[in-house]
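Coordinate analysis (summary)
Spelled out, the chains give:
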Amino acid sequence: MSTRLGASDRQLPRTADRRTWLGLAVLTLPVFLVSMDVSVLYLAIPSITDALAPSAAQQLWILDIYGFLIAGLLITMGNLGDRVGRRRILLAGAAVFGGASILAAFAPSAGILIAARALMGVGGATLMPSSLSLIANMFSDDRERGRAIGVWTAAFAGGAAVGPVIGGILLHHFWWGSAFLINVPVLAALLILGPRLIPEYKAPSTARFDVLGVVLSMAGILPVVYAIKTLASDGADAGVVVIGLAGLALLAGFVVQQRQSAAPLLDLKLFRNAHYVGAISVALVGMMALGGMSYLTGVYLQSVMGHDVLAAAVAGLPMAIAVAVFSIGASRIAAMVGIRAAFLGSIVLAAAGNFGLLALTTSSPIWVYLVFTFIAGIGYGIQFSLVSVVVVGAVPPERSGSASGISETSFELGNALGLALFGSLATLVFRGHRDGWSFGDTLGETLHRALEMGTQGDGLAAAARQSYVDGMHAASLAIGISMTLLGIWVFFAMRKPLKPWTADAQTAGARAGNDEPEAPAPLPSTECMN
C-alpha cells in the first residue's frame, strides 16, 4: 500500500562537501577517456596499418567496433548499474577498459586489436551512464547538481578536443600502442580513489532483470548503427539497407516488448514528459550537427587548407574551450532565463555557427573558422549540459542509470547519423561539381591523383578543393536548417512550466495506477523556468 509522504518526511537537499566534489573529479576521469579514445585512434590508424597490415575490412572494424558496442550496451549497462550498484559497475567497467587498453597496446595482430577494441567498448558502455547517474545521488541540491553535470559534460567535450593533441604528441615520440597505454594510469587512479570518494548506490528492486529486452535492444541498435556508418562510408547497398531495416524492425519489437515487461529497460512513460522528449531531441539532432561539422571541418583544415593533423587539432581547441566553459555555466544560465529559453538560445548559437561556415573558402584566414566554431561551441556546451540535467532529473534516483543510458544512446546515434547524412550530402555535392575533371571518390584520393600528375595536376587539385568546400557549404546549410527546425520543435514542446520531481508526485502517480508519475526534472531555480 502506498503512503503519501508529508513535508516533514522529505529529506531537505544538503550542500555537497569537499569529499563530494573530489568524488566528482574522480568521476570525470572515465568520461574524459571514453571521449578521447575515439579521436586518438583516428591519428594512430596510419601507424597501426604499417605495423599490423590489417585488411580494409579489419581496419573498418578496428575503428567501428568500439562505437558499435558502446551504442548497443548503454541502455543495458545503465539498468545493470541501477540493480547491482552504480559504483560497482563503474569500477568493473574501468577494470575491463584498462585491461583491454593494455591488450590493444601490445596487440600482435589486427584480429587481437579488434577483440581488444570490442572489450574497450564493453567497458566504456558502463562508464558513461554509471558516472552520470551517480551525480544524481551525490548532489541533492538542484543548483549544485546542475553545476556538477556541467563539469561532467565539460570533461566529455575536453576529452574529444585534447585527444588529437595528446595523441599527436604521443605518436610523434612513441609507437602506436602508447595511444592506448595513456588510459592505464588514469583508470588506475579511478580504481584506487573511486571506492574512497564515490558512494555506492543500488536501486531497491526485486523484479527479474529484463534479459529479453537486452537481447532485442542490442539486436536492433547494432544493425542500425552499422547500416548508418556503412552507408556513410561506402554508399547505398541493398544488403546494408536490408540490415538497417531489420534492425529497425527489431527495435519496434523491442518497444512492444518493453510495454509488456514488468521491469522494462526503457521506461516508456518518460516519453510522456515533454521536457524529457525535448531534451532527447536536442541530444540527437545536436550531436548530428556537431558530428557532421567536426568531420567536415577536420577534412577542410587538413586537405583544403593544408594544415597538419596536430595543427588542425589545435585549431579545434577554441570550440572545445567554449563547450567546456558554457557546459559548467549552463545551469546558471537556465536559472536566469529559464530552461526553455536556455535551450532555444543555445540552439540559435549552434545554428549561427554552422551558417557562419558558409563564409569559408579555399583561402579563408583561420580566424573565420575559429570565430564561427567558437560560437557553435557555446551553443553545444549549453544544450548538451542541459540535456543531461533534464534526463537525470526526469526520474527518481533509482531510475537515473537507465535514463542516462537512453540519453547517451541518443548522443551515439546522433553522431552516427550526422556522419552519414551530412557527410553523404557533402560527398554528393563534391562528386556533382567535378565540371569535367576526373575526380576520385574522395577529396584525399583526388589530391593524391593530382600529386602524381605533377604540375599538370594543379588545376585538378584546385577544382577538387573548391568542390569540397561547395559540399561542406551544402552540409553546413543543412545543419543550420536542422537546428532551426529543432528550435521550433523545442519552442512548442517545452511550453508548459517545468515542475520538480518529488516524492509526493511519485506517490500520487502510484495512487493513480502509474508506476512512474509524469514528473519532470528538478532543475536549477525551477520557479523561473518557463
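If you're wondering where the values come from, they're calculated on a predicted model, not measured in any experiment.

Parameters and conventions
- Residues numbered from 1 in each chain as written.
- Predicted model: local features only at pLDDT ≥ 70, side-chain atom pairs only at ≥ 80, totals over all residues.
- Heavy atoms only, no water.
- Core = buried A, V, L, I, M, F, W, Y, C linked by side-chain atoms within 4.5 Å.
- Buried < 20%, exposed > 50% of the residue type's maximum accessible area, 1.4 Å probe, protein only.
- Helix = DSSP H or I, 4+ residues; strand = E, 2+ residues; numbered from the N terminus.
- Contact = heavy atoms within 4.5 Å.
- Expected span 1.5 Å × (residues − 1).
- Axes fitted to C-alpha atoms, helices over the stretch in contact; angles between N-to-C directions.
- Parallel < 35°, antiparallel > 145°, perpendicular 65-115°, else oblique.
- Left-handed = near helix turned anticlockwise from the far one by under 90°.
- Nonpolar A, V, L, I, M, F, W, Y, C, P; charged D, E, K, R; others polar.
- Phe/Tyr/Trp six-rings, centres within 6.5 Å; stacked < 30°, edge-to-face > 60°.
- Lys NZ or Arg CZ within 6 Å of the ring centre and 35° of its normal.
- Polar contact = N/O pair within 3.5 Å; in protein donor to acceptor, adjacent residues only side chain to side chain.
- Patch = residues over 30% accessible without salt bridge, like charges linked within 9 Å, V, L, I, M, F, W, Y side chains within 5 Å.
- Areas by Shrake-Rupley, 256 points an atom, 1.4 Å probe, with all protein chains shown as cover.
- Salt bridge = Lys/Arg side-chain N within 4 Å of Asp/Glu carboxyl O.
- pLDDT = per-residue confidence, 0-100.

1. Quick notes on the nonpolar core
Judged by nonpolar contacts, the single largest core of 75 residues is most densely connected at F343, Y380 and M483. Sorting elements by how many residues they give to this core places helix α10 (residues 274-304) first, with 15 residues. Setting aside anything within four residues of it in sequence, one finds Y380 in contact with G286, A289, L290, M293, V323, A350 and N354. V40, I65, L74 and I198 belong to the second-largest nonpolar core, a separate cluster that totals 54 residues.

2. Concerning α10
Here α10 contains 31 residues, and its C-alpha end-to-end distance of 43 Å stays within 8% of the 45 Å for a straight helix at 1.5 Å per residue. The buried fraction of α10 amounts to 22 of the 31 residues, a majority that puts the element mostly inside the structure. Downstream of α10 by a residue or two, G306 has a phi angle that is positive, lying close to 85 degrees.

3. Points about the packing of helix α17 (residues 443-452) against helix α18 (residues 458-493)
Taken N-terminus to C-terminus, the directions of α17 and α18 make an angle of 170 degrees; their axes are 9 Å apart at the nearest point. Viewed along their axes, α17 and α18 adopt a mutual orientation that is roughly antiparallel. For the pair α17 and α18, the sense of crossing is left-handed. Within the contact between the two elements, α17 uses L443, T446, L447, R449 and A450 and α18 uses L460, A461, A464, R465 and Y468. Here the residues of the contact of α17 with α18 sort into 7 nonpolar, 1 polar and 2 charged.

4. What to know about the packing of aromatic side chains
Summed over the entire model, instances satisfying the criterion amount to 5 aromatic pairs. On the numbers, 6.3 Å between centres and 90 degrees between planes, the contact of W176 with F180 is edge-to-face. Side by side, W176 and F180 carry an identical accessibility label, which is buried. Directly above the ring of F491 sits R340, whose terminal nitrogen or CZ lies 4.6 Å from the centroid.

5. Here's the deal with unusual backbone geometry
We note that A53 has phi near 50 degrees; this positive angle belongs to a residue other than glycine. Among the secondary structure elements, A53 is positioned in the loop between α1 (18-52) and α2 (56-84).

6. Let's talk about the side chain of S346
As for its position among the elements, S346 is in helix α14 (residues 339-356). For S346, a relative accessible area of 0% gives the class buried. One polar contact links the side chain of S346 to the main-chain carbonyl oxygen of F343, over a distance of 2.7 Å. Beyond its immediate stretch of four places on either side in the chain, S346 contacts G379, I382 and Q383.

7. Examining the packing of helix α3 (residues 86-105) against helix α7 (residues 183-197)
It is the contact of α3 with α7, at a shortest axis distance of 9 Å, that shows an interaxial angle of 155 degrees. As the angle between them shows, α3 and α7 are arranged roughly antiparallel. Here α3 and α7 pass one another in a crossing that is left-handed. In this structure, α3 uses R87, L90, L91, A94, A95, F97, G98, S101 and I102 to contact α7, whose residues at the interface are N183, V184, L187, L190, L191, G194 and P195.

8. A closer look at a nonpolar patch on the surface
Together, F355, L358, L477, I481, L485, I488, F491 and F492 line one region of the surface with nonpolar side chains, adding up to about 700 Å² of accessible area. A per-element tally of the nonpolar patch places α18 first, with 6 residues.

9. Considerations on the side chain of N183
Inspection of the secondary structure puts N183 in helix α7. Separated by 3.0 Å, the side chains of N183 and S101 make a polar contact. Not counting the four nearest positions on each side in its chain, N183 is found in contact with L33, M36, D37, F97, S101 and M120.

10. A closer look at the confidence of the model for the protein chain
In the predicted model, the protein chain carries a mean pLDDT of 77, and 84% of its residues have values of at least 70. Ranking the elements of the protein chain by mean pLDDT puts helix α19 (residues 503-511) last, at 39, and α14 first, at 91. Note that residues 500-530 has pLDDT below 50 and, in this model, 86 contacts with residues that lie over four places away or in other chains.

11. What about helix α4 (residues 110-138)?
The first and last C-alpha atoms of α4 sit 42 Å apart over 29 residues, in line with the 42 Å expected at 1.5 Å per residue. Burial within α4 is extensive, with 23 of its 29 residues counted as buried.

12. So, the environment of I406
Here I406 shows up in helix α16 (residues 400-432). Owing to a relative accessible area of 6%, I406 belongs among the buried residues under this scheme. Sequence separation between I406 and V391 is 15 residues; the distance between their C-alpha atoms is 8.7 Å. With sequence-adjacent residues up to four places away left out, I406 is seen in contact with I75, L266, L270, F271, Y276 and I280.

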